[in-house]
Amino acid sequence: MLGDAWLWAAVEWSPPAYAKFYARGGFDTPTVVALLVAAPVKAALLWLILRAPAPGPLDRRAKALRRLLYLAVAYTLVLWGPIALLPDAVDTAFQLALWTAIDVLYLLVIRWRSRMLRAAAGVMFAAELAGMAEELLDELDLPELGPDGVVALGLMLGGVAATVITVVGQRRDGRWSRGTQAAGWLSVGVYALVIPLNVLPGGIPIGDLPMLVIMDAVGLVNTVWIAATARELPAEGHPADLPPARRRAIRVAVAAVAVLPIIALIHPEQTPRLTYTGWSADCHDRPGFGDLKPAERDAVFLCRARSTDGGVPPMFPDSLSDQGILASGRALCRAKDRDEQKAILTRAGSARPAWGADPWDLVYVCPEIVGATHPELLRSTTEAEAANTDNIAEENVKCRDPWPRTKGVVQATAKYFLFADGDHGYLVHDPGDEAVAEAAEQAMDRVYDDSALIGVADSAALIGHVGDVADLCLTVKAFRTAPPRRTAGWDQVNEVPITSRSGRLTVPEMGEDGEVGAGAPMPNLAIGGKGRYRLRVYVRIGDAGEEHLVAVFPGTSRKRLKLKP
C-alpha cells in the first residue's frame, strides 16, 4: 500500500532509499514475492532473538561474554546502520575487536572438557580473526597477507570452522539446549549457502534481488544462535531432550539448508546466465587477446559487449543472457558486411545497431576469423609493445638530418607521430614552467591566426603541420648563436620568440602520452639556461612527406620574421 520503498524498509530493516539503489524502476514480481515471504520468516526469527535471558548466577567472565554476544546481536539488527556512515576501516576494526574478545571468552567460559579440543578451538578462532585482520589491512591500504580471493574464501571457511568447534564445545559443556545447538548447525548450513553464492566466481550479481532478500533472511539464523548462546549461559545441567519428531525435523532442516543451495547452483544449460554486467568489478581490466587463456576469452567478450565506458550504450543489453551474447557475437564474426551486422544487433535488442561491431571486440569469440585480416589483434601485451617499439624504430630510420654538416650543440632527428583523428601540430615548450599548460592553450588558439601556422605564447610555441594530418620528420638543433639562414630547398622559413623560465625547452616525446610525440628522446634546447630564445622553423613537403627543422638559439628580439613566406 505504501510502495516498494516502504516494503523494502519493513522487510529488510534498512532505509527506504536503499530500495532505489537496488531497483530504480521499482521491484519486479519475483522480488515482491521474495519480500512478502521473507517478512514472516524474519519476524519469527526476530521473536527468537528477543527472548528474555534465562535467570541464574553468572561469574565475571560469563557476564562479559553475554554482554558482548548481545552487542554482536545489536550490531546485526541496528548498529550496522550508524556504523556504515563511518569509514569502512572503522566498521572492520570494530568487528575485529568485538570478535577477538568473544573468541577469547569462548575459550575461557565454555567447558571444553578436553585440552586438545580447546587448543583446536584456539587455532580455528585465530584463523577466523586472521581473515578479519586481512580485511582491515585491505581497508587501510596496508600490505596484505595474501590474494583477495584466497583471503575472502579463508575468512568464510574460518567462520565455518569457528562455528563448528563452538557448537561442539556447547554440546560437551551441557549448558546449552538442543535447540541452541541446532541453530548453530543451521548457521553452518547458512555458510554453505553463502560460500558458493557470494565468494566463488560467478557469485550473486547485484541485480538478483530475490536471492539477496532470501540470503538476508536466512542469515538471521546465525544471529538466533548467538542470542540463544547468550540467553542460556546460566543454565546448569543437561537440558531435557527434544521429542523424537522435533529432532528429526531439525535434522531434515539442517540437511536441507546444507544441500539445497548446492542443488540450486546447478542449472540446465539452456537457462540464461548473467555473469557480467557493464558495472562488474571483474570487467575493469581489459587484457589483450594474447594474454588470455582460451577459457578466459568468452568472459572478456561479455564484459566488452556490456560495457558502458565513456557513457556510450552497450553493444548488447544486460537483459540478454551470456549464451545469447556469445551466439550473437559469433554471428557478427560471420556477417558479410555492416548491414548484416546491423540486422544481427537489432534482433538482439542492441541500443546501437548502426555502429556494427569492431574487430578488436570480436577477436575474443572468433580469433580464427578476425586474426586472418587483423593478425596484430592476436598479440599479447609484450608482443604488442615489442612490435610498437620496432615500428617506431623503423619510422625513425626513415628520417634524415637535413643539415648534416651543420652540427648543433645538441640535436636529434626522429619521426613525430600526430594523432590520426586530428592534431594541431607539435609543441616546443618549457615543461618546467608552472604556467606552461595555460601558455600551450594560448598557443593553440593562435596557431591559425598566422599563415605560417605557428602559435606563440611566452614559454610555448605550437607549430602546425602544413599537409594533411600525418606523421612528419622532425629535426631539432640548438646553437649558441644564430645559424645561417639557408632558405633554399625549403617551402617556408619563419622565426619567432620563445622564453624558458626553468632553463628547459624541448619537444614532447611519445612516452609522455603513449599516442603522440617524438619517437626518440628529445634534448634540452635551452643550452644557455633561463632566458629568451629565438625559434627558427623550416618546413617542406616532398616525396618522403612533411619535414620540419627547428633551430633554437639565444635572442632577445620579440619580432616574428618570415624569412621565406
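Parameters and conventions
Residues numbered from 1 in each chain as written. Predicted model: local features only at pLDDT ≥ 70, side-chain atom pairs only at ≥ 80, totals over all residues. Heavy atoms only, no water. Helix = DSSP H or I, 4+ residues; strand = E, 2+ residues; numbered from the N terminus. Buried < 20%, exposed > 50% of the residue type's maximum accessible area, 1.4 Å probe, protein only. Contact = heavy atoms within 4.5 Å. Areas by Shrake-Rupley, 256 points an atom, 1.4 Å probe, with all protein chains shown as cover. Pairing = 2+ DSSP bridges. Axes fitted to C-alpha atoms, helices over the stretch in contact; angles between N-to-C directions. Parallel < 35°, antiparallel > 145°, perpendicular 65-115°, else oblique. Nonpolar A, V, L, I, M, F, W, Y, C, P; charged D, E, K, R; others polar. Disulfide = S-S within 2.5 Å. Patch = residues over 30% accessible without salt bridge, like charges linked within 9 Å, V, L, I, M, F, W, Y side chains within 5 Å. Salt bridge = Lys/Arg side-chain N within 4 Å of Asp/Glu carboxyl O. Phe/Tyr/Trp six-rings, centres within 6.5 Å; stacked < 30°, edge-to-face > 60°. Lys NZ or Arg CZ within 6 Å of the ring centre and 35° of its normal.

**Section: the overall build of the chain**
Here comes step 1: Looking only at helices and strands, one finds 17 helices and 10 strands in the chain.
Here comes step 2: Scored against the burial criterion, the 565 residues of the chain give a buried share of 42%.
Here comes step 3: Counting only contacts in the chain whose residues sit at least 6 apart along the sequence, the fraction spanning at least 24 positions is 71%.
Here comes step 4: Approximately 29900 Å² of the chain is accessible, and the part contributed by carbon and sulfur atoms is 59%.

**Quick notes on the environment of arginine 532**
Here comes step 1: With respect to the element layout, arginine 532 can be found in strand S8 (residues 531–542).
Here comes step 2: Those residues in contact with arginine 532 that sit more than four places away from it in its chain are Ile498, Thr499, Pro554, Gly555, Thr556 and Arg558.

**Overview of the pairing of strand S3 (residues 454–457)**
Here comes step 1: On S3, burial covers both faces: Ile454 and Val456 on one face and Gly455 and Ala457 on the other are all buried.
Here comes step 2: Bridge count for S3 against strand S4 (residues 460–464) is 4 bridges, and the pairing is antiparallel. Within the sheet, the bridge partner assigned to glycine 455 lies in S4 and is leucine 462.
Here comes step 3: Linking two consecutive strands that pair antiparallel, namely S3 and S4, is a turn of 2 residues; a positive phi of about 60° is found at aspartate 458 within it.

**What to know about the packing of helix H5 (residues 88–109) against helix H6 (residues 115–139)**
Here comes step 1: In the contact formed by H5 and H6, the axes pass within 9 Å of each other and the chain directions differ by 170°. Judged by the inter-axis angle, H5 sits roughly antiparallel to H6. For the pair H5 and H6, the contacting residues are Asp88, Ala89, Thr92, Ala93, Gln95, Leu96, Trp99, Thr100, Asp103, Tyr106, Leu107 and Leu108 in the first and Arg118, Ala121, Gly122, Phe125, Glu128, Leu129, Met132, Ala133, Glu135, Leu136 and Glu139 in the second.
Here comes step 2: By residue class, the composition of the contact of H5 with H6 is 13 nonpolar, 4 polar and 6 charged.

**So, helix H1 (residues 4–12)**
Here comes step 1: Those residues of H1 that fall on the buried side of the exposure criterion are Trp8, Ala9, Val11 and Glu12.
Here comes step 2: Trailing H1 by a residue or two, tryptophan 13 shows a phi angle of about 55°, which is positive.

**Some details on the state of the cysteines**
Here comes step 1: For the structure on display, the rule yields 2 disulfides.
Here comes step 2: Between the sulfur atoms of cysteine 333 and its disulfide mate cysteine 366 the distance is 1.7 Å. Disulfide cysteine 333-cysteine 366: the torsion about the S-S bond is -70°, which places it as left-handed. Here cysteine 366 lies in the loop between helix H14 (359–362) and helix H15 (367–373) and cysteine 333 lies in helix H12 (residues 322–334), a separation of 33 residues in the sequence.
Here comes step 3: Classification of cysteine 333 as buried rests on a relative accessible area of 10%.
Here comes step 4: On the basis of relative accessibility, which here comes to 2%, the residue cysteine 366 falls in the buried class.
Here comes step 5: There is a disulfide in this structure between cysteine 399 and cysteine 473, and the S-S distance comes to 2.1 Å. Of note, the bridge from cysteine 399 to cysteine 473 carries an S-S torsion of about -75° and is left-handed in sense. Taken together, the residues cysteine 399 in the loop between helix H16 (381–397) and strand S1 (410–417) and cysteine 473 in strand S5 (residues 472–478) connect sequence positions 74 residues apart.

**Describing the sheet that holds S3**
Here comes step 1: Spatially, the 3 strands line up as an open sheet ordered S2-S4-S3, and their pairing is antiparallel. Every other strand in the sheet has two partners, leaving strand S2 (425–429) and S3 as the edge strands with one partner each. Adjacent strand axes in the sheet meet at a mean angle of 15° when their direction is disregarded.
Here comes step 2: Sitting on the sheet, helix H17 (residues 436–446) touches S2, S3 and S4, and the angle it makes with S3 is about 145°.

**Examining a nonpolar patch on the surface**
Here comes step 1: Together, Val33, Val37 and Val41 give the surface a local cluster of nonpolar side chains, amounting to about 230 Å² of exposed area.
Here comes step 2: Residue placement: valine 37 occurs in helix H3 (residues 29–49).

**Considering the pattern of salt bridges**
Here comes step 1: Enumeration according to the criterion identifies 15 salt bridges in this entry.
Here comes step 2: Salt-bridge contacts for aspartate 173 lead to arginine 111; the nearest nitrogen and oxygen are separated by 3.3 Å. Here arginine 111 lies in the loop between H5 and H6 and aspartate 173 lies in helix H7 (residues 148–173), a separation of 62 residues in the sequence.
Here comes step 3: We classify arginine 111 as partly exposed; its relative accessible area is 32%.

**Comments concerning the packing of aromatic side chains**
The relation between two aromatic rings is expressed through the spacing of the ring centres and the mutual angle of the planes.
Here comes step 1: For the structure shown, the criterion picks out 6 aromatic pairs.
Here comes step 2: For the pair tyrosine 75 and phenylalanine 94, a centre-to-centre distance of 5.7 Å together with 35° between the ring planes defines the contact as tilted. Of this pair, tyrosine 75 sits in helix H4 (residues 60–84) while phenylalanine 94 sits in helix H5; the two residues are 19 residues apart in sequence, bridging distant segments of the chain.
Here comes step 3: With relative accessibility at 12%, the residue tyrosine 75 sits in the buried group.
Here comes step 4: Residue class for phenylalanine 94 comes out partly exposed when judged on its relative accessible area of 26%.
Here comes step 5: Ring geometry for tyrosine 416 against tyrosine 426: centres 5.4 Å apart, planes inclined by 45°, an arrangement best described as tilted. With tyrosine 416 in strand S1 and tyrosine 426 in strand S2, this residue pair connects regions lying 10 residues apart in the sequence. An identical accessibility class is assigned to tyrosine 416 and tyrosine 426; each is buried.
Here comes step 6: Seen from the ring of tryptophan 490, arginine 540 lies directly overhead, with NZ or CZ sitting 4.0 Å from the centre.

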